[in-house]
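# Inside the fold
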Protein chains: 2
Amino acid sequence: MAKVFFKQYLKMKLPGQGDNIAYVDRVREKLENLLHGRVEIPFELYEKIYKEFEKGKGEVTCSLMYDEKYHLLSIQAGRVEECYAVAIDIGSTTISAELIDLNTGEVLDSANCTNSQVKIGEDVLHRMFHAFNNKAGRDELQKLVAGDILSILDRFSKKIDMENLLGIGIGANTVMVHLLLNLPIETICRVPKTPIINAPGFIKAADIGINVNSFARMYILPSIGSYVGGDVVGGILISDMWKKEEVSFFIDIGTNAEMMLGNKDWLLCAAGAAGPAFEGGSLEKGMRAMEGAIDEVRYEDGKFKFHVIGDVKPIGICGTGMIKLLSELFIHGLVDRRGKLINGDRIFITEDVYITQNDIDNFMRTKAGANAAVSYMLETMNINLSDLDKFYVAGALGEYIDIEAAINIGMYPDIPRDKFVILGNTSLKAAKKMLMEREAHKVLKDIKENLTYMELGEEEGYIHYLEKALFLPHTDLSLYPSVEKRINLKR
Amino acid sequence: MAKVFFKQYLKMKLPGQGDNIAYVDRVREKLENLLHGRVEIPFELYEKIYKEFEKGKGEVTCSLMYDEKYHLLSIQAGRVEECYAVAIDIGSTTISAELIDLNTGEVLDSANCTNSQVKIGEDVLHRMFHAFNNKAGRDELQKLVAGDILSILDRFSKKIDMENLLGIGIGANTVMVHLLLNLPIETICRVPKTPIINAPGFIKAADIGINVNSFARMYILPSIGSYVGGDVVGGILISDMWKKEEVSFFIDIGTNAEMMLGNKDWLLCAAGAAGPAFEGGSLEKGMRAMEGAIDEVRYEDGKFKFHVIGDVKPIGICGTGMIKLLSELFIHGLVDRRGKLINGDRIFITEDVYITQNDIDNFMRTKAGANAAVSYMLETMNINLSDLDKFYVAGALGEYIDIEAAINIGMYPDIPRDKFVILGNTSLKAAKKMLMEREAHKVLKDIKENLTYMELGEEEGYIHYLEKALFLPHTDLSLYPSVEKRINLKR
């Protein structure tokens, strides 16, 4: 496996009679001979190369990065084995990071924090408004997210010497990337929704205020369109749908839902504005999956049994809890197929936690969005649901969703359960892959040719698919045979 | 002819329905399609690309540089044809520069100034001492030469808009390059005389304080060894000896003498510490070739006739004047073959300007150095003087030297006069070539393999060649048949 970031130890002869090649050229030649490729050495390192060479008496360790050619990032006297990178997923709500040992691939530490931009707005639209034609607003948002990254790196700096951090990999959606790089977002907001950049590739981390050391490079996962970013690109890398003959479906569920259908020859991407409902956001008693959130509900003998994160007194209900709750309400006949409560306009789970008819209506729209996207994309490509080889689910939420419950409410399709593959945080995993494997960069480049992006909101027929999906599990019950059987058994 | 620095006008469609590729990727794709090569776009340009694109409504002009791949340097709205570069020869005494129109190759302006480092020391050794293990001294020397370059650019800025200056080409010897880049010179001073860098290639001019605009790139001619720098490399590019079957000799005469012998298969380089005598430096009444300097002397009817630069009252004698004077003294029997004055210990040319025996002795050592280097290199390679195809003379001094006089005193070999080729300032010419022709970069890279560097001072037998050359024209008069004939005719 060819590495992207790595260290190369060199033991060289000291200059001597008849051998007075310059220090920099000496190091370059040695590296080029060993690596069989061109090595670029920046001006800032000239003096350091000489000093470390002399200090190590000809023994030095070079920190390198490969991007079409080799780039010398830094040099240290003697032999230094330590070599690290940090992978970061910048979600609009949560930032997740992993500290990686580049020699072994091992995750040495991980960290999560809330994206501080939430202060400006929970909703990404609020943040975009804050930055719209407003450099001060952009600067503020950039500093907030850069500050989050610096805090995470500061935590990691207790485990490693930051001098040995070579790379930082970023997976994020297009808007988050623009806010991180302090780029205008005006053109993303208005039709034809054009970003400033889709594929930044490698930049110097210090250039955007992430000055953990003077040389660390940041790699940013490319995006496809304004609303298909690192999450889907991560899905490509982490699922194997891009190399299979059979057609698969990929869905990343977070604040946004990003989807992909395809195989080794073609990939169709789309994004749906899922809204915050999936993460518990828009519910009256909704909350994110944290201490105090009900994340699992069962209805037995006329009573709700539930699990609370942290085993404390429940404060609210999170996305996975809501999916399970709606499924239980439906299966046990407490809501009808249109998602309407049979009795009253709210249901209490505990004394304080309840859901309202309005909550359910919001959630129905969100789940309908996911369902409609799947159906619309399959029909556009003339593929039957039964022909899908795999149904990949990514995203932090995806890991904890009860698949049966999600099928019951028509959020996931009713297909054989062994076709579901839970991928976890593909954005983070892909960022890590790009930090480690040169082949991954090649794959991404090759795949880009096969990608088509569909703007669902601009597709005329899409609205009808949405309407049909506003039932539990769907207008057409025959699409959900296992759910039909389950309801019939229950009632 | 493939260009190194150039402008590329683009007319692009504005983003529209179904065509929302990001601005940066849009420009990159267009350029890559037109140029058939990869284009690298730095982070600093992302926002500017969007703004200029919008301003020009899809019409922009890109400033590009080629170095294995294309690098976008800047972008301007609309069509901008102007495209300039500056070639600079940094001599230890004089800095010469030319402003070049990159579209036509035309020289629009030229400028010369004294290298301000002369304040620290006329002699390069003094400057090296000033910078030796002394960062403050290095900083000072760097600021002096950078200041000279900035003054020259300031002068050129009256002719062009500096926004359209893309490249700056530098030809200089190894020490001058180190002082320009503010690099340590300690290792050049002590055996085995190892520079920090031989081949810096392209760097950002702003990185060394030449901030004429934010993006202009500086190209520095590579050097071979500690004392074989851009002058010889320039000689390679400007003479055609590197592509001929026949063997030629190249000599660059300035404060230092740099030499090269070879043909298309091999090149042997050497440097001799010529010392300041050639430029009039070490003579009691010596001076550089400027107003008031005697640059031409004839001895007729027992009297000196002379020419003074600027036709003013003579103040001193410069290098070309000294060569002519010594030749006249010798031909007319006023000095003997050992260079000793027949009568007294000084000779007056005017009331105030004279030369002393000591001056002649100094000069004899310098001219012996040049002579010995030629002989030693020829004998080392087993080549007869008569087999030389061309004798290339470079350097500002070389342009004005009277060839007959230089042969009379044994500074140049006594070969058919049509073999002499006066090249002028090869360092400046090569810097210009590297700014304009991609092929020149390839040639330099290819030729580097054929180059051998010889440290004359470390060659055991060299001292004997020096001793034999301490005669006028040489111990062995048979090597100088035309001079022998001339003396016999005269006496």
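Residues numbered from 1 in each chain as written. Chains lettered and ligands numbered in written order. Predicted model: local features only at pLDDT ≥ 70, side-chain atom pairs only at ≥ 80, totals over all residues. Heavy atoms only, no water.

Before going further, it helps to spend a moment on the overall build of chain A. When helices and strands are tallied, chain A shows 15 helices and 21 strands. For 491 residues, the compact-globule estimate of 2.2 N^0.38 gives 23 Å, and the C-alpha radius of gyration of chain A, at 25 Å, lies within 12% of that figure. Referenced to the eigenvectors of the C-alpha coordinate spread, the extents of chain A come out at roughly 95 × 50 × 45 Å. Looking at chain A as a whole, 59% of its 491 residues qualify as buried. A separation threshold of at least 6 residues defines the contact pool for chain A, and within that pool the share at least 24 residues apart is 66%. Element-wise, carbon and sulfur atoms account for 50% of the exposed surface of chain A, whose accessible area totals about 19500 Å². A distance of 3 Å separates the average location of the 57 positive side-chain charges in chain A from that of its 70 negative side-chain charges. (Helix = DSSP H or I, 4+ residues; strand = E, 2+ residues; numbered from the N terminus. Rg over C-alpha atoms; globule rule 2.2 N^0.38 Å. Buried < 20%, exposed > 50% of the residue type's maximum accessible area, 1.4 Å probe, protein only. Contact = heavy atoms within 4.5 Å. Areas by Shrake-Rupley, 256 points an atom, 1.4 Å probe, with all protein chains shown as cover. Lys, Arg positive; Asp, Glu negative; His and termini not counted. Charge placed at Lys NZ, Arg CZ, Asp CG, Glu CD.)

Here we come to the domain arrangement of chain A. Entries for chain A in the domain assignment read domain 1 (5-77), domain 2 (84-220) and domain 3 (239-491). For domain 1 of chain A versus domain 3 of chain A, the separation of C-alpha centres amounts to 52 Å. (Domains from an automatic or database assignment.)

Looking now at the packing of aromatic side chains. Tallying each qualifying case throughout the model produces 30 aromatic pairs over all chains. Three or more aromatic residues joined by ring pairs make a cluster, and in this case those are Phe249, Phe391, Tyr412 and Phe420 of chain A. Above the ring of Tyr9 of chain A, the side-chain terminus of Arg79 of chain A is found at 3.8 Å from the ring centroid. Residue placement shows Arg438 of chain B over the ring face of Tyr66 of chain B; its charged tip is 4.0 Å from the ring centre. (Phe/Tyr/Trp six-rings, centres within 6.5 Å; stacked < 30°, edge-to-face > 60°. Lys NZ or Arg CZ within 6 Å of the ring centre and 35° of its normal.)

Take the sheet that holds strand S16 (residues 316-317) of chain A next. Residues and elements named next belong to chain A. Reading across from one edge, S15-S14-S16 is the order of the three strands in this open sheet, with mixed pairing throughout. The two strands at the open ends of the sheet, each matched to only one other strand, are strand S15 (303-308) and S16. Judged from the six bridges that link them, strand S14 (residues 293-300) and S15 form a sheet pairing that is antiparallel. Across the sheet, residue Glu300 finds its bridge partner in S15, namely Lys303. (Pairing = 2+ DSSP bridges.)

Another aspect to go through is the relation of the copies chain A and chain B. Aligned on chain B, chain A shows an RMSD of 0.2 Å; the corresponding rotation is 179° and the shift along the axis is 0.1 Å. On this basis, the relationship between the two copies can be described by a two-fold rotation axis. When the interface residues of chain A are mapped onto chain B, 100% of them again lie at the interface, so the same face is used by both copies. (Least-squares fit on C-alpha atoms with pLDDT ≥ 70 in both.)

Before going further, it helps to spend a moment on the pattern of salt bridges. Residue and element names in this part refer to chain A. In the structure shown here, the tally under the stated rule is 56 salt bridges over all chains. Two residues, Lys244 and Asp389, come together in a salt bridge whose shortest N-O distance is 2.5 Å. Linking Lys244 in the loop between helix H7 (230-238) and strand S11 (248-253) with Asp389 in the loop between helix H9 (357-380) and strand S19 (391-394), this pair joins segments that are 145 residues apart in sequence. Across the pair Arg486 and Glu404 runs a salt bridge whose closest N-O atoms are separated by 2.6 Å. Linking Arg486 in helix H15 (residues 481-490) with Glu404 in helix H11 (residues 403-408), this pair joins segments that are 82 residues apart in sequence. Arg486 sits in the partly exposed class, given a relative accessible area of 24%. Judged by its relative accessible area of 27%, Glu404 is partly exposed. Among the ionic contacts, a cluster of salt bridges with common partners joins Glu404, Asp414, Arg417 and Arg486. (Salt bridge = Lys/Arg side-chain N within 4 Å of Asp/Glu carboxyl O.)

Note on interface size: it is often stated as the accessible area lost on association of the parts. In this assembly, 46 residues from chain A lie in contact with 46 residues from chain B. Both sides of the chain A and chain B interface together cover about 3700 Å² of buried area, and 52% of this is carbon and sulfur. Between the two partners, chain A and chain B, sit four salt bridges. With a closest N to O distance of 2.9 Å, Arg38 of chain B and Glu68 of chain A form a salt bridge. Counting the contacts that link chain A with chain B gives 22 residue pairs in polar contact (both at pLDDT 80 or more). Counting residues per element, the side of chain A that touches chain B draws most heavily on helix H1 (residues 23-35) of chain A, at five residues. Looking at the side of chain A that touches chain B, its residues break down into 21 nonpolar, seven polar and 18 charged. (Buried area = accessible area lost by both parts, 1.4 Å probe. Polar contact = N/O pair within 3.5 Å; in protein donor to acceptor, adjacent residues only side chain to side chain. Nonpolar A, V, L, I, M, F, W, Y, C, P; charged D, E, K, R; others polar.)

On to the sheet that holds strand S7 (residues 107-114) of chain A, then. Residues and elements named next belong to chain A. The six strands are arranged S7-S6-S5-S8-S10-S9 in an open sheet whose pairing can be described as mixed. Of all the strands in the sheet, the pair left with one neighbour each is S7 and strand S9 (201-204). Across the sheet, the mean angle separating the axes of adjacent strands is 20° when strand polarity is ignored. Relative to strand S8 (residues 165-172), strand S5 (residues 84-90) is paired through seven bridges, and the arrangement is parallel. (Axes fitted to C-alpha atoms, helices over the stretch in contact; angles between N-to-C directions.)

For the rest of this paragraph, the subject is the pairing of strand S4 (residues 69-77) of chain A. Residues and elements named next belong to chain A. In terms of burial, S4 is a largely internal element, eight of the nine residues being buried. Bridge count between strand S2 (residues 39-40) and S4: two bridges; the pairing is parallel. Of the residues in S4, the one forming a bridge with Glu40 is His71. Note: strand S3 (residues 59-67) against S4, eight bridges, orientation antiparallel. Bridging from a neighbouring strand, Ser63 pairs with Ser74 of S4. Where S3 folds back on S4, the antiparallel hairpin that results is connected by one residue, among which Glu68 adopts a positive phi of roughly 75°.

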